[in-house]
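Letter by letter, the chains look like this.
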Amino acid sequence: MTVDAQCRDSSLHGSGEEMYALIKDLYPIGRSITGDGVRRTLEILGRQIPITVHEVPSGTPVFDWVIPQEWNIRDAYIQDRHGHRLVDYRQSNLHVVGYSQPVKKRMRLAELRPHLFSLPDRPDWIPYRTSYYKNDWGFCLSEVQLRRFQDDQDYEVCIDASFTDGHLTYGELALEGEQPEEILLSCHICHPSLCNDNLSGIALAVACAKFLQTIDRRYSYRLLFIPGTIGSITWLSRNEPLTDRIRHGMVLACLGDSGRFTYKKSRRGDAEIDRVVAAVLRDMRAPHDLIDFSPYGYDERQFCSPGFNLPVGCLMRTPHGKFPEYHTSADNLDFVTPAALADSFGVITGVLNILEHNTTYLNLQPKCEPQLGKRGLYRSVGGDQSRSMEMALLWVLNLSDGTHSLFDIAERSALSMTLVHSAAMALVQHGLLKECRAHADQIVTI
């Protein structure tokens, strides 16, 4: 399948409405870094793509970390003396601080107040807070709700949650290609009802998995659906030998809003994935920002830790913490759009298409230019389109010395990857090029 054909076919699997529908299905589920919410999420994903679910027992060492106890919550509320729930987990799963300790007691507002979190500057929004690795508890509520509390009243406080020696759960899909070298796509699955920061990455990863199953794959692919931080640490600790196969990778997050694209480069800064994403965003004329790596953010910081230093960047639209709705109840179904999801899918598949077709060739007649006219590769009547193809043919012939990939040629010539690939295919058809791979000081043709 050609690059253009793959791009056209990708739209069948990257419907913004289809991705939005998946987000809508996942939105009500209360998720955390462990627990039944993660399992329910993966069960729904498993109806669409053939993921493998892994369970890692609590207490398992993973590098410098340990798999925590599993946390599940059944109900939570703050109730006044008349039995009215002023805060109710059943109304929003953001109301409870993630990994809160169980509590059941009556207390005055002065005692309760340190455990309440609101956003005074956004009085209608509920914040999202967690306490993963600290024994604590708390409630998140809107400022409007908080104003209803009175100093002289007792309140019944209940968090019906449990900590058990259970498991950390994550999903994985491995798709075999012609060669064992892999492209990694990763998203986090540990947030409750947050659409952009969590569910958009999941929906796009599922759409990519559907698309990849329909094409001829040169690369193998690995898609990870993991809890943030502890999930990537766990996967890396259990699969360290596999990391040598990873040639390119992207963490997918915050891709459903209408903001400009942001790509955070890998720790290497000039990896092929970094260059290709930049080229795709430029060629699509998508408003975007390219930012350097920093050891803060999503799971790219684990994949790019110095002991691995994998070529993994992070693709976002508006970055985490840079939009007011971030980690609040306003990151809801109204904040993400099918159009933005579809645009994000177009960028991702554009990147994958280039990586799939970025092979290296050897000019089989390297001494001066071969006569292209007698092979029908020069048109007798000129024009902008034919002139562009002629230039692509000449660039490919000149730089196909076994050390320059097609993307290298596209970058240097300022021609599109689609045009350069088409020129290479024409030259292969006429016996002027042959695919090769470089090994040390040798060039091996295939």
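Residues numbered from 1 in each chain as written. Predicted model: local features only at pLDDT ≥ 70, side-chain atom pairs only at ≥ 80, totals over all residues. Heavy atoms only, no water.

## Looking at the overall build of the protein chain
Here is step 1 of the chain: Secondary structure assignment for the protein chain yields 13 helices and 20 strands.
Here is step 2 of the chain: Its C-alpha atoms give the protein chain principal-axis dimensions of roughly 95 × 45 × 35 Å.
Here is step 3 of the chain: For the protein chain, the proportion of its 446 residues judged to be buried stands at 57%.
Here is step 4 of the chain: Within the protein chain, residue pairs in contact and separated by at least 24 positions form 79% of the contacts whose partners lie at least 6 positions apart.
Here is step 5 of the chain: Summed over its atoms, the accessible surface of the protein chain is roughly 19600 Å², and 47% of this surface lies on carbon and sulfur atoms. (Helix = DSSP H or I, 4+ residues; strand = E, 2+ residues; numbered from the N terminus. Buried < 20%, exposed > 50% of the residue type's maximum accessible area, 1.4 Å probe, protein only. Contact = heavy atoms within 4.5 Å. Areas by Shrake-Rupley, 256 points an atom, 1.4 Å probe, with all protein chains shown as cover.)

## Some details on the sheet that holds strand β4 (residues 70–79)
Here is step 1 of the chain: Pairing within the open sheet is antiparallel, and its four strands lie in the order β5-β4-β9-β6. Edge positions in the open sheet fall to β5 (85–88) and β6 (103–108), since each of these has one partner strand only. The sheet shows a mean angle of 15° between the axes of neighbouring strands, taken without regard to direction.
Here is step 2 of the chain: Relative to strand β9 (residues 154–164), β4 is paired through nine bridges, and the arrangement is antiparallel. Within the sheet, the bridge partner assigned to E70 lies in β9 and is T164. (Pairing = 2+ DSSP bridges. Axes fitted to C-alpha atoms, helices over the stretch in contact; angles between N-to-C directions.)

## Some thoughts on helix α3 (residues 36–46)
Here is step 1 of the chain: Of the positions making up α3, those classed as buried are G37, V38, T41, L42, I44 and L45. Axial view of α3: buried residues confined to an arc of 155°, hence all on one face.
Here is step 2 of the chain: On its buried side, α3 packs onto α2 (16–26), β1 (52–57), β10 (167–175), α6 (195–212) and β12 (220–226). (Arc of directions from axis to C-beta.)

## Side note on the environment of V87
Here is step 1 of the chain: Residue placement: V87 occurs in strand β5.
Here is step 2 of the chain: In this structure, the C-alpha to C-alpha distance between V87 and F139, residues 52 residues apart in sequence, is 8.1 Å.
Here is step 3 of the chain: Excluding anything up to four places from it in sequence, V87 contacts A76, Y77, I78, H95, F139, C140, L141, Q145 and F149.

## As for the sheet that holds strand β11 (residues 182–188)
Here is step 1 of the chain: Within the open sheet, the eight strands sit side by side as β1-β10-β12-β11-β13-β16-β14-β15. Their pairing is mixed. Taken across any chain shown, the strands that pair with only one partner, and hence form the sheet edges, are β1 and β15 (288–291). Sheet twist, expressed as the average angle between the axes of neighbouring strands with direction ignored, equals 20°.
Here is step 2 of the chain: Where helix α10 (residues 338–357) meets the sheet, its contacts fall on β11, β12, β13 (246–252), β14 (261–264) and β16 (312–316), and the angle it forms with β13 comes to roughly 175°.

## Quick look at the pairing of β5
Here is step 1 of the chain: Where β4 meets β5, three bridges bridge the pair, whose relative direction is antiparallel. Looking across to β5, one finds that I78 is bridged to V87.
Here is step 2 of the chain: Hairpin connection, β4 to β5: the antiparallel pair is bridged by five residues, and G83 has positive phi, about 85°.

## As for the environment of E176
Here is step 1 of the chain: With respect to the helices, strands and loops of the structure, E176 is situated in the loop between β10 and β11.
Here is step 2 of the chain: The exposed category is assigned to E176, whose relative accessible area is 69%.
Here is step 3 of the chain: The contact partners of E176, leaving out residues within four places of it in the chain, are R217 and S220.

## Overview of the nonpolar core
Here is step 1 of the chain: L45, L223, F225, M250, L315, I348 and L427 are the most contacted members of the largest nonpolar core, which has 79 residues in total.
Here is step 2 of the chain: When residues of this core are assigned to their parent elements, the largest contribution, twelve residues, is made by α6.
Here is step 3 of the chain: Excluding its chain neighbours within four sequence positions, the residues that come into contact with M250 are L184, L185, S186, I273, V277, V312, G313, L315, I348 and V351.
Here is step 4 of the chain: Core analysis: the next-biggest nonpolar cluster, separate from the first, contains 58 residues, L109, F149, I233 and V312 among them. (Core = buried A, V, L, I, M, F, W, Y, C linked by side-chain atoms within 4.5 Å.)

## A short note on the pattern of salt bridges
Here is step 1 of the chain: Inspection of every chain in the model, using the stated rule, returns 23 salt bridges.
Here is step 2 of the chain: Between D88 and R90 there is a salt bridge whose closest N-O contact spans 3.3 Å.
Here is step 3 of the chain: Overall, the relative accessible area of 9% leaves D88 in the buried class.
Here is step 4 of the chain: E156 is the salt-bridge partner of R106, the closest N and O atoms lying 3.8 Å from each other. Note that R106 is positioned in strand β6 and E156 in strand β9, a separation of 50 residues in sequence.
Here is step 5 of the chain: Residue classification places R106 among the partly exposed residues on the basis of a relative accessible area of 44%.
Here is step 6 of the chain: Through salt bridges with shared partners, a single ionic network connects D36, R39, E55 and E70. (Salt bridge = Lys/Arg side-chain N within 4 Å of Asp/Glu carboxyl O.)

## Here's the deal with the packing of aromatic side chains
Here is step 1 of the chain: Using the criterion set out here, one finds eleven aromatic pairs in the structure.
Here is step 2 of the chain: On the basis of an interplanar angle of 90° and a centroid distance of 5.7 Å, the ring pair of Y99 and Y132 is categorised as edge-to-face. Separated by 33 residues along the polypeptide, Y99 in the loop between β5 and β6 and Y132 in the loop between β7 (116–117) and β8 (139–140) bring together distant segments of the chain.
Here is step 3 of the chain: Overall, the relative accessible area of 2% leaves Y99 in the buried class.
Here is step 4 of the chain: Here Y99 and F163 contribute two aromatic rings whose centre-to-centre distance is 5.6 Å and whose plane-to-plane angle is 75°, an arrangement assigned as edge-to-face. Placement of the pair is Y99 in the loop between β5 and β6 and F163 in strand β9, with a sequence separation of 64 residues.
Here is step 5 of the chain: Overall, the relative accessible area of 24% leaves F163 in the partly exposed class.
Here is step 6 of the chain: One aromatic cluster is present, built from ring pairs that chain together W65, W71, Y99, Y132, Y133 and F163. (Phe/Tyr/Trp six-rings, centres within 6.5 Å; stacked < 30°, edge-to-face > 60°.)

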